[in-house]
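Structural description and commentary
Here is what each chain is made of, one letter per residue.
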Amino acid sequence: MALQTPRTDTALHDETQVTPDRLAELRAQFPILQRRVHGRSLVYLDNAATTQKPRAVIQTLDRYYREYNANVHRGVHTLSEEATAAYEEARQRVARFIHAPSPRQVIFTRNATEAINLVAYSWGAAHLGPEDEVLITEMEHHSNIVPWQILQERLGFTLRYVPMTDQGTLDLERLDELLTERTRLFAFVHVSNVVGTVNPVERLIAAARQVGARVLVDASQSVPHMPVDVQALDPDFLVFSGHKMCGPTGIGVLYGRRELLEAMDPFLGGGDMIREVTLQGSRWNELPYKFEAGTPAIAQAIGLGAAVDFLAQVGMDWIWQHEHTLTRYAYERLAEIEGLRILGPGPEQRGGLVAFTLEGIHPHDVAAILDREGIAVRAGHHCAQPIHDRYGIAASARASFYLYNTLEEVDRLVEGLEKVIQTFAL
Amino acid sequence: MDDLYREAILDHYRYPRRKGHLPEPDIHYHDTNPFCGDEITIELKIQDGVVVDAAFDGRGCAISQASASMMMEEIVGKSVEELKHWGKEEILEMLGIEVGPVRIKCALLPLKVLKAGLYGLTDWPE
Ligand SMILES: Cc1ncc(COP(=O)(O)O)c(C=O)c1O
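Residues numbered from 1 in each chain as written. Chains lettered and ligands numbered in written order. Predicted model: local features only at pLDDT ≥ 70, side-chain atom pairs only at ≥ 80, totals over all residues. Heavy atoms only, no water.

**Let's talk about the side chain of arginine 398 of chain A**
Residues and elements named next belong to chain A. The following threshold applies: Going along the chain from the N terminus, every DSSP run of H or I of four or more residues is numbered as a helix, and every run of E of two or more is numbered as a strand. Burial classes: relative accessible area under 20% of the type maximum marks a residue as buried, over 50% as exposed, and values in between as partly exposed (1.4 Å probe, protein chains only). Residues adjacent in sequence count toward polar contacts only when both atoms are side-chain atoms; beyond that, a polar contact is any pair of N or O atoms within 3.5 Å, and within protein one must be able to donate a hydrogen and the other to accept it. In what follows, residue pairs with any heavy atoms lying within 4.5 Å of each other are defined as contacts.
Along the polypeptide, arginine 398 turns up in strand β17 (residues 396-400). Relative accessible area serves as the criterion here: at 0%, arginine 398 is assigned to the buried category. A distance of 2.8 Å separates a polar side-chain atom of arginine 398 from the backbone oxygen of asparagine 193. Excluding anything up to four places from it in sequence, arginine 398 contacts Leu45, Asp46, Ala48, Ala49, Asn193, Leu353, Val354, Ala355, Val377, Arg378 and His382.

Put into C-alpha cells, the structure is as follows:
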C-alpha cells in the first residue's frame, strides 16, 4: 500500500464509520478515560506528548510478567524461548505495520530520540567531515536538532536549516539552494508537533535524492496517526516512539535501509550485539542485534507489538480521518475566540493538533485552569524552541488528538478556554 | 473558585507593584526559568544592609509575576541578612496557595533571582 498523503477531502470520508457507537466502543477499551480529574471527567488532549494505552496493551504487559518473563536470546529454557519468540514476533508486527521489507530493518531503541542519536553516532560519525553539510529544518523537535549540533562540534560539518514561512510551512523555495552536492543528510520532521504541518515528505525525499543526500524522517507524529509505508516512501532512516501510539514508554524504532545498517558500526557495545568476543577484539552480530546492546526493553517491545495490532484493527485511515474531523472542528471553534492565535497552517495542511496562544495570558496559566476543568493540554515550548522563537513567543498551549477523542471534548476545551478568559478578564 | 488563581494573585498579575527600573540600583540581577520561559529582573537599592528600594521587571505566567510583585512589597525595609534566610516557605505563605511540583519553579523564580543578586547563590531555593 502506498503512503496515503492525508486525504483531506470529505467526499472520501465514510461518515458512517465515525459513528458515536464506534467511538464509544473504542473509548471503552481505554480504562484511563474513565478517570475523573478535579471532579470532572478527564478530557485528555495531550496525545502528541504521549498517548493512553488500550486494555489490549496493558493486558499484554501483564501477561508477559505473569507468565513468561525471561531474558531473550540467552536461555534455552521454556520461558526464555517464549519471551524470545514474543519479542521477535513484535518486531515482525512493527515491520508489517510500516511495511518494512524485513524485520531485520526494525531496530528497537528506547524512543525516537535514541533512534536519531543512533544514526548520528553510527552513521554520522563515519560519513560527516568538515566539507560536508547536514540539512535539518526550523520546525524540528529538539531531538532532531541537538544530536546534530553535538556532532557538529566534534566533526566540524556545517548544519543548515530550512526556514519556516509565517504560515508555519517549510519554505520550499529555499530548498534548491540549501540542498547542495555537499549535503550528506537531510533530516526532517514528517508532521510537526507544534505547528501540526504535514510536510510533503515524498517531495522532500526526491529533492534529497537529486543531490545524493541521505534522508532521515522523524515520523514521531506521523506513524501513530496515518498510514506510513516505508517502501513507498523509501527514506534511508525513519524513527518513531512507541509511547505516542498506544504502546509503552521505553520502546522506539529505527527503520533503516538494509545496506546502510549493515555497513554501520554499532552504537553501543555490550552483550547481544556481538558475534564473537576475544581479548583481541570483537565481531559484530548481524542485524538487528548489532544495534541492540544489552538486555532490551522486552515487555515494552511486546507491548508495542500489541499496540500496532490494535491500531491496525482500528484502521489507520479511520484514525487519520477521525483526527482530521476533530482538528477541523477545533480549528474553527478556536479561531472564533477573541485574542486566540493558532500557530501553523489551516486544518487541511495539518495533523491532529492545534497549538495556540491567548493574548495576555501565559500558556501555563491556560493549562493550569483547563486542568481544573479536567482538561489535559500541554503548555510550554514543546521541545521546539526554534519554532517559538520564529513567532517571537516563549511558549504556547497545545491540544493534540487521538483516536479516542470526541467532538464533545473539543466543546469542553472551548468552554474551558472561555473560563480561562473570564478568570483573567481585566 | 480556583485556589491557584485566587483574587490576590490575579490582582498582582494585572497590576504589578514596583514594576519597572531603579535609576541607580546597587544590585541588578536577571534570570529565566527555561521550563516556561518566565523572566525576572530584580533591582535593589541597599543602605546599611537594608533594602530601601526595589523594582522588578519580567514576563511570564501569573504565578511567577505575582510572586515577584508580592515579594517586592515584602522586602523593602528588610535586612539583607534576613532575606538570605528566606526560602520556599516564606514565598508560599506570601502567595497563600498550594503549588504543585511543576509550578513551584514559577513561584520561586523571583526568590531565586533575589538570592542570586544578593549573594550570588544560583541554586533553586529550598
Ligand atoms: C516530532 C517529534 N520528534 C521527536 C520526539 C521525541 O520523542 P521521544 O521523546 O519519545 O524520543 C517527539 C516527542 O515529543 C516529537 O513530537
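**Thoughts on the interface of chain B and chain A**
For clarity, the cut-off: A quick way to say it: buried area is the sum, across both parts, of accessible area lost when two parts are put together, with a 1.4 Å probe. By salt bridge we mean one thing: a side-chain nitrogen of Lys or Arg within 4 Å of a carboxyl oxygen of Asp or Glu. In this count, Pro and Cys sit with the nonpolar residues alongside Ala, Val, Leu, Ile, Met, Phe, Trp and Tyr, while Asp, Glu, Lys and Arg are called charged and the others, Gly among them, polar.
Chain B puts 19 residues into the contact, and the matching count from chain A is 16 residues. Each partner contributes to the roughly 1,400 Å² buried at the junction of chain B and chain A, and carbon and sulfur atoms together form 57% of this total. The tally of links between chain B and chain A comes to 1 salt bridge. Mapped by element, the contributors of at least two residues to the side of chain B that touches chain A are α1 (7-14) and α2 (62-75) of chain B. If you tally residues by element for the side of chain B that touches chain A, the top one is α1 of chain B, at 3 residues. For the side of chain B that touches chain A, the per-class residue count stands at 11 nonpolar, 2 polar and 6 charged.

**Some details on the side chain of arginine 103 of chain B**
Checked against the element boundaries, arginine 103 of chain B lands in the loop between α4 (88-95) and α5 (104-119). Engagement of the side chain of arginine 103 of chain B in a polar contact is seen with the backbone oxygen of histidine 364 of chain A, the distance being 3.4 Å. In terms of polar contacts, arginine 103 of chain B uses its side chain to reach the side chain of aspartate 365 of chain A, at 3.0 Å. The contacts of arginine 103 of chain B, once residues within four sequence positions are left out, are His364, Asp365 and Ala368 of chain A together with Leu4, Tyr5, Cys61 and Ile63 of chain B.

**Section: the site of the ligand**
Residue and element names in this part refer to chain A. To be explicit about the condition: Here, proximity means that at least one heavy atom of the residue falls within 4 Å of the molecule or strand. Only the protein chains shown count as cover for residues, with accessible areas throughout obtained via the Shrake-Rupley method and a probe of 1.4 Å.
If you check the shell around the ligand, you find 13 residues, and the closest are Thr113, Asp218, Ser241, His243 and Lys244. Interatomic distance of 3.3 Å between a side-chain N/O atom of serine 220 and a nitrogen atom of the ligand. In the model, an oxygen atom of the ligand is placed 2.7 Å from a nitrogen or oxygen of the glutamine 221 side chain. Notes on the ligand: free accessible area 400 Å², of which the protein chains cover 89%. Its residues assigned to classes, the shell around the ligand comprises 2 nonpolar, 9 polar and 2 charged.

**So, the domain arrangement of chain A**
All names here are of chain A. Test applied: Where each domain starts and ends comes from a domain assignment, either automatic or drawn from a database.
Here chain A is described as being made up of domain 1 (14-53 + 315-425) and domain 2 (58-312). Contact residues are listed per partner, giving 38 residues for domain 1 and 37 residues for domain 2. Here domain 1 packs against domain 2, burying approximately 3,000 Å² in sum over the two surfaces, 59% of which is carbon and sulfur. On the surface where domain 1 and domain 2 come into contact, there are 2 salt bridges. Measuring nitrogen to oxygen at the nearest pair gives 2.9 Å for the salt bridge that ties arginine 390 to aspartate 166. Broken down by secondary-structure element, the contributors of at least two residues to the side of domain 1 that touches domain 2 are α11 (316-335), β14 (353-358) and α13 (385-390). Classifying every residue of the side of domain 1 that touches domain 2 gives 20 nonpolar, 12 polar and 6 charged.

**Some details on unusual backbone geometry**
For the bond running from leucine 287 of chain A to proline 288 of chain A, omega is -5°, close enough to zero to count as cis. As for its placement among the helices and strands, proline 288 of chain A is situated in the loop between β12 (281-284) and α10 (298-314). Even without glycine at this site, histidine 38 of chain A takes up a positive phi of about 50°. Note on placement: histidine 38 of chain A falls in the loop between β1 (36-37) and β2 (40-41). Given a relative accessible area of 48%, histidine 38 of chain A falls into the partly exposed group. If you check the backbone angles, aspartate 48 of chain B has positive phi at about 50° while not being a glycine. Within the secondary structure, aspartate 48 of chain B sits in the loop between β2 (38-47) and β3 (50-59).

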